[in-house]
Amino acid sequence: MEQKNGSSFTGFILLGFSDRPQLELVLFVVLLVFYLFTLLGNTAIIALSHLDPHLQTPMYFFLSNLSFLDLCYTTSTVPQLLVHLRGADKSISFGGCVAQLFVALGLGGTECILLGVMALDRYAAICKPLQYTVIMHPRLCALMASASWSIGFANSLLQTVLIFLLPLCGRNKIDHFFCEVPPLLKLACVDTTVNESEVFFLGVIILLIPVALIVFSYGWIVRTVLRIKSSAGQRKAFGTCGSHITVVSLFYGTAIYAYLQPSNNYSQDQGKFISLFYTIVTPMVNPVIYTLRNKDVTGAMKKVLCGGHGSR
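Residues numbered from 1 in each chain as written. Predicted model: local features only at pLDDT ≥ 70, side-chain atom pairs only at ≥ 80, totals over all residues. Heavy atoms only, no water.

Chemist: For this particular structure, what's the right way to read the side chain of Ser217?
Modeler: Among the structural elements, Ser217 can be located in helix α8 (residues 193-226). Classification of Ser217 as buried rests on a relative accessible area of 0%. (Helix = DSSP H or I, 4+ residues; strand = E, 2+ residues; numbered from the N terminus. Buried < 20%, exposed > 50% of the residue type's maximum accessible area, 1.4 Å probe, protein only.)

Printed below as a string of structure tokens:
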């Protein structure tokens, strides 16, 4: 973003929740607790996926990628927010803002694609069980994971460039707690209709392609499961997908609300709380969802804890 008045530009002020000082202490305590649980839960998923041989499967390979992604996404915004909630200085450098937007968009786009890839994994496991290990070869899993990260950050690069090419004309107060697309667009002193359309188009592409994969995969999964004559077999098959469907619903629900609504309908206050949900709440509950509904994970956790206790 350039300055039309030629003055030097050092950075931005993140207004965050400064208009609600009575709320800042409460938010600080709640977010600190949530952040610690996020670190603990996602680190546990990654560690268990590597320590337990029974969890070294395609499903848990992608799940550990998701947990690492959630760790990075939360850490890119929450520590800074905690500092700003307890301090008077709420500034962020220009470079810091660019980096934060790039990382946040990249990780968000990667999660979109990764959730679609995880749906394909469930499709292969349920609809092609005899060929599952052949189809979901470790090399293919690594390739799909790498493609998810690459496409996510390529999309982020395009969006970040589009945003920061806009002139600011001296405006530097961002009405948000981190550098996010809608409030950054509002800082521009020119008509942003074309830029908004371009960003909207990129957002639709990065959201709808994985959604198509998810719909396709679960369409075939439902069809296959309904052919199972045993009700116990049906429950087991659907149970392996329940955690993924829950995570998809949480993630896509907030992402669609945040990015795919017209700018004239965007409420800044609602946007902040929606952003809080997908930056801290969703990454925190993802490990809980997969742990509570998965006997493999709970079994691996008991094995590691009991083994560690027994070694003493």
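Moving on from the coordinates now.
Chemist: What should I look at first to understand the nonpolar core in this one?
Modeler: Where a protein is soluble and globular, its nonpolar side chains tend to be buried together. Ranked by size, the top nonpolar core spans 41 residues in total, and within it Phe62, Leu66, Leu115, Met118, Met136, Ile221 and Tyr252 carry the most contacts. Elements with a contribution of two residues or more to this core: α1 (21-51), α2 (58-75), α4 (94-127), α6 (138-164), α8, α9 (231-259), α10 (268-292) and α11 (295-311). Excluding residues that lie within four positions of it along the chain, Met136 makes contacts with Pro58, Phe62, Asp121, Ala124, Cys141 and Met144. (Core = buried A, V, L, I, M, F, W, Y, C linked by side-chain atoms within 4.5 Å. Contact = heavy atoms within 4.5 Å.)

Chemist: Mind showing me how you'd approach the state of the cysteines here?
Modeler: Throughout this description, disulfide means a covalent bond between two cysteine sulfur atoms. Under the defined criterion, the tally for this structure stands at one disulfide. One disulfide in the model links Cys97 with Cys179; its S-S distance is 2.0 Å. Handedness of the Cys97-Cys179 disulfide follows from its S-S torsion of about -125 degrees: it is left-handed. Remark: Cys179 occurs in the loop between β3 (173-174) and α7 (181-187) and Cys97 occurs in helix α4; sequence separation between them is 82 residues. With relative accessibility at 0%, the residue Cys179 sits in the buried group. With no disulfide of its own, Cys127 lies 8.6 Å from the sulfur of Cys241, the closest cysteine sulfur. Under the relative-accessibility criterion, Cys127 is labelled buried at 18%. (Disulfide = S-S within 2.5 Å.)

Chemist: Just checking my understanding: could you explain the UniProt feature "transmembrane region" (unreviewed entry) in the protein chain for this structure?
Modeler: With numbering matched to this structure, UniProt assigns "transmembrane region" (unreviewed entry) to residues 25-48, 60-78, 98-120, 140-166, 200-221, 241-260 and 272-292. Annotated as residues 25-48, this span is 100% helix and 0% strand, and its ends, taken at the C-alpha atoms, are 35 Å apart. (UniProt positions renumbered as here; feature names shortened; annotations may be inferred.)

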